[in-house]
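# Breakdown of the fold
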Amino acid sequence: MRHLAHCCLATLAIASGSSAHAGFWDDVDSQSGFDQTLPQTPLNHAIAVSAHNAYTESYNSASQNLSATLQKLSNAIASNADLLELDLVYDEDDQSVKVSHNPSADHTYNAVLDDVLSNPALRNANQPLFLELKETSLNTDYVAGIIESLRVQGYLAEGRPVFLRSFPAGHGNLLYARQYLESNYPGLSDYLLLSELYGSTSNLNGLQGQVAQAQADGFDLVEFNYKTPDLGAHIEYAKSLGLGVGLWTIPASMGEVGLTLFRDEVDELTTDYGLSDARQVVQDNNQLLYLNTADTPSSAGSLTYFRHGSTPHAIALGSTTSPSLAAKNTGAAFFGTIASFDNANLEHLSFYDADQSSANGYLVNVLVQFNNLSIPDGATWAIVNKSDSASFAMELHNPSGSAGTELRYGVHVDGAYRYVTYDASQLSTDRSYYVTGAYDGNGGVRMYINSAQIAAGGSFTSGVTQNNSPVVLAADPQGSSDTRFHANINVQMLSVQDWWNH
């Protein structure tokens, strides 16, 4: 059932024309039942928000750790967390499974898994358990203990599937869990889902090889560190294999940036941001423009993008100033189709006049590869702009007489552009980056790469100045039809949002 469902998922994703992974949670529901109502983005993409480390192990008392863990789980349930995360270890001293992050520590006072699972409030909740196996060496007693506790306490049941997860070192324990269940309780096997987590690595081919192995072994989900280099390539490759995709762990501080950046790119987000607020952020009706070219055929004569909701709009290609489309495979900075812009031909895409609400700012996200980071002295290359004496600008700029190129994001507030900058020599032409610019109408201007802040400055209290110019990709608008500051870049995703104080 799992492999058949994945085949169909891959077909849906290719047919959809957008980056949202069509039907991952529908597939989970059809396979095992899924009663949790997930938040929906403005594109109608369902995404799960996971309660990170919903347990406590800080007390020198097993009863206190159990009580505090149950309280954390109760709080997560009350906040409508979509998944409940626990970390599991094996205590060799009393041969029991316990709740802990560290497999090598003393576990005398850690909560016992069976005691946690027997809690009536947890048993009666509808959120799936999201369990990370921290032991790396194959331990059949450990795995069997987890399965038996889940089974006896009524989990692994219709409407209450369980995710077992580990890093690659624990791959064997996950395979054994499925084997144990299929051998002893074959009727329950549809209620077990497997996920593999990966640390941040610059080894693009190695990580994609691990993802391919997870898919070959029948896993359902893969989870990447949100700071992983070339993250977009890994996300799109995993989706092309029919895998669900998660990210860990979006931080509490300014976490709204990462949550909204990735809300239409993946299926699950683990976060330390407040759970109720996180679910609200991914549902915020603030979309102004969304484009993802990954599933577009490279021979297409137009691109599909979205404005305020899920209604598609077309933008024609084929003119002398249209970008070319190219398909990228494994080992490249992108996976799937990209739009490639050549500034020698003045190539760009012009969308529409996407003004924000007058008191607000903008959040601008673009998945981009820079083909040249040493631009001429005094030059500006626009990545995505709606400037023209107002609005926002994300661009490469080499100030006259300066040492080199900077990446900058600016918004027009109180009569002037307010910029933050980043040394572009820290970037590479061999990699792709999620670059984000943010200003919410009340505070500083900020810039991020893969949702990690790289620049911040100023403090303002006014909305961004509006204009009548369109959002333009790879150029700067001049009125409704002219352009300047053309850039030599490759782009796969663009998102522009009406941004307010969170």
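Right, let's walk through the structure included here. Here the structure is a predicted model, which is why all the values come from computation and not from measurement.

Now for the overall build of the protein chain. Per the secondary structure count, the protein chain includes 11 helices and 27 strands. Against the 2.2 N^0.38 benchmark of 23 Å for 502 residues, the protein chain shows a C-alpha radius of gyration of 24 Å, consistent with a compact globule. Taken along its principal axes, the extent of the C-alpha atoms in the protein chain is 70 × 45 × 40 Å. Residue burial in the protein chain is summarised as follows: out of 502 residues, 58% are buried. In the protein chain, 21 positive and 52 negative side-chain charges are present, and the distance between their average locations comes to 3 Å.

Let us now look at helix α8 (residues 204-216). For α8, built from 13 residues, the straight-helix expectation of 18 Å at 1.5 Å per residue is met to within 8% by its first-to-last C-alpha distance of 18 Å. Summarising the contacts, the buried residues of α8 are in contact with α7 (171-184), β6 (192-198), β7 (221-225) and α9 (231-240). Of the residues trailing α8, Gly218 is marked for its positive phi of about 80°.

Applying the stated criterion to the full structure yields 16 aromatic pairs. On the basis of an interplanar angle of 70° and a centroid distance of 6.3 Å, the ring pair of Tyr439 and Phe460 is categorised as edge-to-face. Taken together, the residues span a long stretch of sequence, with Tyr439 in strand β21 (residues 433-439) and Phe460 in strand β23 (residues 452-460) at a distance of 21 residues. Take Tyr439 and Phe460: they sit in the same class, and that class is buried. Grouped by ring-pair contacts, the aromatic residues Phe24, Trp25, Phe34, Phe130 and Phe163 constitute a single cluster. Above the plane of the ring of Tyr419 lies Arg408, whose end atom (NZ or CZ) is 4.0 Å from the centre.

This part is about the nonpolar core. By size, the foremost hydrophobic cluster in this structure holds 76 residues, and its most contacted members are Leu164, Phe224 and Phe262. Sequence-distant contacts of Phe262, defined by excluding residues within four places in its chain, comprise Ile47, Tyr226, Leu231, Leu247, Ile250, Leu269, Tyr434 and Ser451. Of all hydrophobic cores here, the second largest spans 52 residues; its members include Leu303, Leu396, Val420 and Val464.

Burial of strand β18 (residues 392-397) is extensive: six of the six residues sit out of reach of the surface. Across five bridges, the pairing between strand β17 (residues 380-385) and β18 is antiparallel. Paired with Asn385 across the two strands is Ala393, which belongs to β18. Sheet analysis places β18 next to strand β19 (residues 406-413), joined by six bridges and oriented antiparallel. Across the sheet, Glu395 pairs through a bridge with Arg408, a residue of β19.

Right, let's get into the packing of helix α10 (residues 255-262) against helix α11 (residues 275-283). Axis separation between α10 and α11 bottoms out at 9 Å; the angle between their running directions is 45°. In terms of orientation, α10 and α11 fall into the oblique class. When you trace α10 past α11, the crossing you get is right-handed. Within the contact between the two elements, α10 uses Glu256, Leu259 and Thr260 and α11 uses Ala278, Val281 and Val282.

Attention now goes to the packing of α8 against α9. For the pair α8 and α9, the least separation of the axes is 10 Å and the interaxial angle reads 25°. The orientation of α8 relative to α9 falls into the category roughly parallel. Taken as a pair, α8 and α9 cross one another with a handedness that is right-handed. Contact with α8, carried on its side by Leu204, Leu207, Gln208, Val211 and Ala212, involves Ala233, His234, Tyr237 and Ala238 of α9 and no other residues of that element. Of the residues contributing to the contact of α8 with α9, the split by class is seven nonpolar, two polar and no charged.

A few words now on unusual backbone geometry. The residue Asn450 is not glycine, and still its phi comes out positive at about 50°. Taking relative accessible area as the criterion, Asn450 reaches 6% and is therefore assigned buried. Although it is not a glycine, Ala474 sits at a positive phi angle of roughly 75°. When you line up the elements, Ala474 lands in the loop between β24 (472-473) and β25 (476-478). Residue class for Ala474 comes out buried when judged on its relative accessible area of 0%.

Attention now moves to a negative patch on the surface. Where like charges cluster on the molecular surface, the negative patch consists of Asp26, Asp29, Asp35 and Glu158. Turning to its location among the elements, Glu158 is positioned in the loop between α6 (140-152) and β5 (162-166).

Another point: the side chain of Arg165. Among the secondary structure elements, Arg165 is positioned in strand β5. Non-local contacts of Arg165, meaning those with residues more than four positions away in its chain, are made with Glu85, Phe130, Leu131, Glu132, Leu133, Leu174, Ser195, Leu197 and Glu223.

Right, let's get into the pattern of salt bridges. Overall, the coordinates contain 14 salt bridges when judged by the stated rule. The partner of Asp355 in a salt bridge is Lys386, with the nearest N and O atoms 2.9 Å apart. In this pair, Asp355 sits in the loop between β15 (349-350) and β16 (361-370) while Lys386 sits in the loop between β17 and β18, placing the two residues 31 residues apart along the sequence. Residue class for Asp355 comes out partly exposed when judged on its relative accessible area of 23%. What makes Lys386 buried here is its relative accessible area of 0%. Linking Arg484 and Asp476 is a salt bridge whose minimum nitrogen-to-oxygen distance equals 3.0 Å. Here Arg484 falls in the partly exposed class, since its relative accessible area comes to 36%. Each of the salt bridges in this network shares a partner with another, and the network as a whole consists of Glu85, Arg165 and Glu223.

Cut-offs used in this document
Going along each chain's sequence as written, the residues are numbered from 1 onward. Per-residue local features of the predicted model are confined to residues with pLDDT of at least 70, and side-chain atom pairs are confined, for both listing and counting, to 80 or more; whole-chain, interface and lining totals are unaffected and use all residues. The side-chain quantities take in all heavy atoms of the structure and omit both hydrogens and water. In DSSP terms, a helix is any run of H or I states spanning at least four residues, a strand is any run of E spanning at least two, and both are numbered starting from the N terminus. Restricting the calculation to C-alpha atoms gives the radius of gyration, and the globule rule supplies 2.2 Å times the number of residues raised to the power 0.38. Burial classes: relative accessible area under 20% of the type maximum marks a residue as buried, over 50% as exposed, and values in between as partly exposed (1.4 Å probe, protein chains only). Positive charges are assigned to Lys and Arg, negative charges to Asp and Glu, while His and the chain termini are left out of the count. Throughout, a charge is located at the NZ atom of Lys, the CZ atom of Arg, the CG atom of Asp or the CD atom of Glu. Residue count minus one, scaled by 1.5 Å, sets the expected span of a helix. Whether two residues are in contact is decided by their heavy atoms, any of which lying within 4.5 Å being enough. To pair, rings of Phe, Tyr and Trp, with the six-membered ring standing in for Trp, must have centres within 6.5 Å; the planes then decide the type, stacked if under 30 degrees apart, edge-to-face if over 60, and tilted in the middle. Look at NZ for Lys and CZ for Arg. If either is within 6 Å of the ring centre and within 35 degrees of the ring normal, a charge sits over the ring. Each nonpolar core is a collection of buried residues, namely Ala, Val, Leu, Ile, Met, Phe, Trp, Tyr and Cys, held together in the definition by side-chain atoms within 4.5 Å. Two strands are said to pair when DSSP picks up at least two bridges between them. Throughout, an axis means a line fitted to C-alpha atoms (over the contacting stretch in the case of helices), and angles, computed between N-to-C directions, take values from 0 to 180 degrees. Working definition: roughly parallel below 35 degrees, roughly antiparallel above 145 degrees, roughly perpendicular at 65 to 115 degrees, and oblique for all remaining angles. Here is the rule for handedness: rotate from the far helix to the near one, and if that takes an anticlockwise turn smaller than a right angle the crossing is left-handed, while a clockwise turn gives right-handed. Classification used: nonpolar for Ala, Val, Leu, Ile, Met, Phe, Trp, Tyr, Cys and Pro, charged for Asp, Glu, Lys and Arg, polar for all others including Gly. Only residues whose relative accessible area exceeds 30% and that take part in no salt bridge are eligible for patches, with like-charged residues grouped when within 9 Å of each other and nonpolar side chains (Val, Leu, Ile, Met, Phe, Trp, Tyr) grouped when within 5 Å. Calculation of accessible area relied on Shrake-Rupley with a 1.4 Å probe; when residues are assessed, cover is drawn exclusively from the protein chains displayed. Salt bridges, as used here, are contacts in which a Lys or Arg side-chain nitrogen is within 4 Å of a carboxyl oxygen on Asp or Glu.

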